[in-house]
Amino acid sequence: MMPGLAKRVFRRNSQVMEISTSRTRVIAVLGPTNTGKTYLAMERMLAHATGMIGFPLRLLARENYDRAVRIKGKNAVALITGEEKILPLGANYFICTVESMPIDRRVDFLGIDEIQMCADPDRGHVFTDRLLHARGTHETMFLGAETMRPLIRQLVDDVEFMSRPRYSMLAHIGAKKTTRLPKRSAIVAFSAADVYAIAELVRRQRGGAAVVMGALSPRTRNAQVAMYQSGEVDYIVATDAIGMGLNMDVDHVAFAATHKFDGRQRRRLEPSELAQIAGRAGRYMNDGTFGITGDAAAIPENTIGRIENHEFEALKKLSWRNSNPRFTSIEDLLKSLSVPPKLQGLVRAREADDELILRQLAKDPDVAARATGYDAVKLLWDVCQVPDFGNVMSHGHAQLLAHLFTQLMTPPGKLSVDWMNGQVQRLERTDGDIEHLTGRISAIRTWTYVAFRSDWIDDPVHWRERTRDIEDRLSDALHECLTQRFVDRRTAQLMQRMKETPDLLAAVKADGDVIVEGHYVGRLSGFRFTSDAEPGNADEAVAAKAIDQAAGKALRQEIGFRIKRLEAAKDDSLALERFDDQPTCMVLWQGAPVGRLVKGGHLLRPGVQPLVGDLVDGPTRERIANRLQAWITATISGVLAPLHRLSTAELSGAARGLAFQIGEHLGSLPRKQATREIDALSRAERQALRRVGVRIGRDSVYVETLLKPKAVDMRGLLWALYHDKPVIFPPPGRVSVEVAGQVPEAFYQAIGYRVMGDLAVRIDMVERIAELAWTLGKKAPFGINPDLLSLAGCTVEQMTVILKALGYISQTREETITFRYRHPRKVGKTDNAKQRPAKKEGKQSDRPDRRLKNKRKTAEKTVVDDDSPFAKLRELQF
């Protein structure tokens, strides 16, 4: 313990300093899992008149809130998490997540659970701040692992230590096959894909399994745990989310992996991390066991001994971040967050999600321009702390937060009701598979968080109720989807047939239905098998294995037949299916998705990812990929054939450069971007470009045939895939569409439309408007007539914006609006402009110029008398 530490720690708040040094009792209750630490803390808190406790997970906070409500009543207990706030008037007890604790509120008792989270590189700085600064007026209690003892003693004055022994024994029993694990086992993996694969295996072999992952909503996790606890299934497959406080009757923990990706790198789990998870085995006085399964690397002998005896190296460093950031500017905020700790035992935390988002938004010119001054920077920091519950830190999340900040900085300083309604409404669908439902739950949880910012929205109660209702319905749908996929009641029925004959009959019907002994067990769509499991549990793994083998044999045979048919199929049997508002496109074969287009190395060359299941091996997958890649290449070449002709045309000089630019822009670009090349074109080069379909207009340069519906659709699809942007395609054949708010202008340019105000107009129509306007305005100002409006299918107001974008100025006389061109400058030549034709094409068109040049040279060389009439001709250069 460092002398004088208490003064330094609490100088920022004299009131808390007085509490921490003279009146509060600080206790560190340390020990392994299953020692009753949380139970003790809750008992101590409820024994005081007021109290507050922070948990690392919303799920744990909710579980202990329900327990406190049963004891003290709902009017006495508050729940505060990032996504949920229940605040009865006059509440005395506050159950919170650690990040959401209102630490400025004075309470008699204050507790922090899982205090060893101080060492976590991402969230640890919040726990460390609570360790140093959060205190109850009478009692403060830190709960966690024994590894925290030296650093707590060093950083906290006058602390008492209480050790809690584990109630039950924990023993290692080695490796076991997944299919031979004992009942009441938890199988732990570290990715969603592995969890699903193992759960599928357990479903086939043992009848079913519950699934628990951090990506699930608390409601879904509770439902899955309840299914396990009730005995409906005897196995649970989970990520390390079960390692922190989830109370279940688990007898054995099997590690399917001992390495994990921690968000930055793939690494081996530390012994203390293994122990935290393995400690879930054995409830209260029942002993537990742990081991490995599948392809997991063996746990070293010395690590096994440390886990069994609960002996681990003490933590050396705790994560810390400055808890008093400066909001004078974005630069000052970033600098203040980067301040290194001054106390021994603390280390600067790596950049958390909120700091990474802040750095990303600081590069946005619009955000940077608005974030000036204390209040604006403070608001930006609050926005940056809106969680990304999908844990993908995507560009889309940053864009969402930038939009939030922009709206909040725009009077009246509230989020638009219409915009927020649109964002929430699109998440109300409860259809789709596990991935779709999980993604929607992550998104709605973000809006639930926003709904609890009363200063950001109008009618926050309505939005809280609505987002919570959507989350609940999505959670119920996800629970049902998980149950259907990973729990199979019909296995029990098929077991009876297994007793009669060891060989089960299986077949794949023409429509893709997979049948085992007359029972529908799933569907083969394309090359992916989707099971149709129902809740239940089978006691005989042998029967489940026989069922799987029978279905697998039929599926592999059918997949082999389908691949041969795909390779021999005509190109017109394949098709593309794109989705508005999603940068996704599926490849369909006979109506079933068999591949997904992905970004390739070039805009015109996307890749194809086959959509196949576990039954398709590597070489077979490659055969599918090769066929689909050949098809999409041929399809693009066919639809965008004019681009190919343009790239292979015999062009030279400026024409070749212009052709290259047109190809890079998918067939069209604004004329002003190619002014230099156009001005350098000779007449012959213009004609050569015209022959390959290039139109040089007043406003744009484009290939006319690439404005047809199929070409426009393909151009938009390629652009959306390459730039990973959700877009909205214009209806086929429409010459103008209203601009969608979330769609970038670059998309419209890529498909041959020009954005003019709130309207995107196809560029050939823009050219026709420009030609007609030029004709009408040659002699005098002109007004908007039906001919102009019919070209774009727009209103008078929209046509006014179009004409102004084309360089015309409006003027009003006697309530009549007319237009004239802004500058009497020469307008660039177009292919439609009247030009004096050359007498002959090719080289012969240059002969008159050469004859004239020769005459000049002859005149210069000839000696002419100064008084001769020819002297004047010489002066005139004839």
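Predicted, not measured: the structure shown is a model, and the values here were computed from it. (Residues numbered from 1 in each chain as written. Predicted model: local features only at pLDDT ≥ 70, side-chain atom pairs only at ≥ 80, totals over all residues. Heavy atoms only, no water.)

Colleague: When you look at the sheet that holds strand E5 (residues 93-97) in this model, what are you seeing that I'm missing?
Modeller: Backbone hydrogen bonds are what pair the strands of a sheet, in a parallel or an antiparallel way. Taken in spatial order, the eight strands make up an open sheet running E4-E3-E5-E2-E6-E7-E1-E8, and their pairing is mixed. Each having just a single partner strand, strand E4 (85-86) and strand E8 (159-163) make up the two edges of the open sheet. Taken together, the four bridges between strand E2 (residues 51-55) and strand E6 (residues 109-112) define a ladder with parallel strand orientation. Within E6, the residue paired with Met52 across the bridge is Leu110. (Pairing = 2+ DSSP bridges. Helix = DSSP H or I, 4+ residues; strand = E, 2+ residues; numbered from the N terminus.)

Colleague: I keep staring at the pairing of E2 and nothing clicks. Help me out?
Modeller: Across a regular strand the side chains alternate sides, sitting on one face of the sheet and then on the other. Burial runs high along E2: five of the five residues are buried. The alternating pattern of E2 places Gly51, Ile53 and Phe55 on one face and Met52 and Gly54 on the opposite face, and all of these are buried. (Buried < 20%, exposed > 50% of the residue type's maximum accessible area, 1.4 Å probe, protein only.)

Colleague: Explanation requested: the packing of helix H12 (residues 353-362) against helix H14 (residues 374-384) in the structure shown.
Modeller: Packing of H12 against H14 brings their axes to within 8 Å, and their N-to-C directions diverge by 125°. The orientation of H12 relative to H14 falls into the category oblique. Where H12 crosses over H14, the two elements pack in a sense that is right-handed. Two secondary-structure elements touch here, H12 through Asp354, Glu355, Ile357, Leu358 and Leu361 and H14 through Leu380, Trp381 and Cys384. A class-by-class count of the residues in the contact of H12 with H14 yields six nonpolar, no polar and two charged. (Axes fitted to C-alpha atoms, helices over the stretch in contact; angles between N-to-C directions. Parallel < 35°, antiparallel > 145°, perpendicular 65-115°, else oblique. Left-handed = near helix turned anticlockwise from the far one by under 90°. Contact = heavy atoms within 4.5 Å. Nonpolar A, V, L, I, M, F, W, Y, C, P; charged D, E, K, R; others polar.)

Colleague: Help me understand the nonpolar core, please; the structure alone is not making it clear to me.
Modeller: Within soluble globular proteins, side chains that are nonpolar tend to cluster in buried spots. Of all hydrophobic cores here, the largest spans 70 residues; its most connected members are Phe527, Leu658 and Tyr748. Discounting chain neighbours no more than four positions away, the residues touching Leu658 are Ala674, Glu677, Ile678, Leu681, Leu689, Ile696 and Val701. Membership of the second largest hydrophobic core comes to 63 residues, among which are Ala254, Leu333, Leu358 and Met420. (Core = buried A, V, L, I, M, F, W, Y, C linked by side-chain atoms within 4.5 Å.)

Colleague: What is the right way to read the environment of Lys72 from this model?
Modeller: One can find Lys72 in helix H4 (residues 58-72). Exposure remark for Lys72: the relative accessible area of 36% places this residue in the partly exposed category. Each C-alpha atom of the pair Lys72 and Tyr93 lies 9.0 Å from the other, and the pair is 21 residues apart in sequence. Excluding its chain neighbours within four sequence positions, the residues that come into contact with Lys72 are Leu46, Val77 and Tyr93. At a separation of 3.3 Å, a polar atom in the side chain of Lys72 contacts the main-chain carbonyl oxygen of Leu46. (Polar contact = N/O pair within 3.5 Å; in protein donor to acceptor, adjacent residues only side chain to side chain.)

Colleague: Any chance you could explain the sheet that holds strand E31 (residues 753-756) here in plain terms?
Modeller: Overall, antiparallel pairing links the three strands, which are arranged E30-E32-E31 in an open sheet. Of all strands in the sheet, those with a lone pairing partner are strand E30 (736-738) and E31, marking the two edges. Each strand axis lies, on average, 25° off the axis of its neighbour in the sheet, ignoring direction. Of the strand pairs in this sheet, E30 and strand E32 (residues 759-762) are connected by three bridges, and their pairing is antiparallel. Note that in E32 the partner of Val737 across the bridge is Ala760. Helix H30 (residues 796-805) rests against E31 and E32 of the sheet, and its axis sits at about 105° to E31.

Colleague: It is not clear to me how the pattern of salt bridges should be interpreted in this structure. Could you clarify?
Modeller: Any two side chains of opposite charge can pair, given that their charged atoms come close. Under the counting rule described, the total for this entry stands at 45 salt bridges. One salt bridge in this structure joins Arg326 and Asp332, with 4.0 Å as the shortest N-O distance. A relative accessible area of 47% means that Arg326 is categorised as partly exposed. Linking Arg453 and Asp455 is a salt bridge whose minimum nitrogen-to-oxygen distance equals 3.3 Å. (Salt bridge = Lys/Arg side-chain N within 4 Å of Asp/Glu carboxyl O.)

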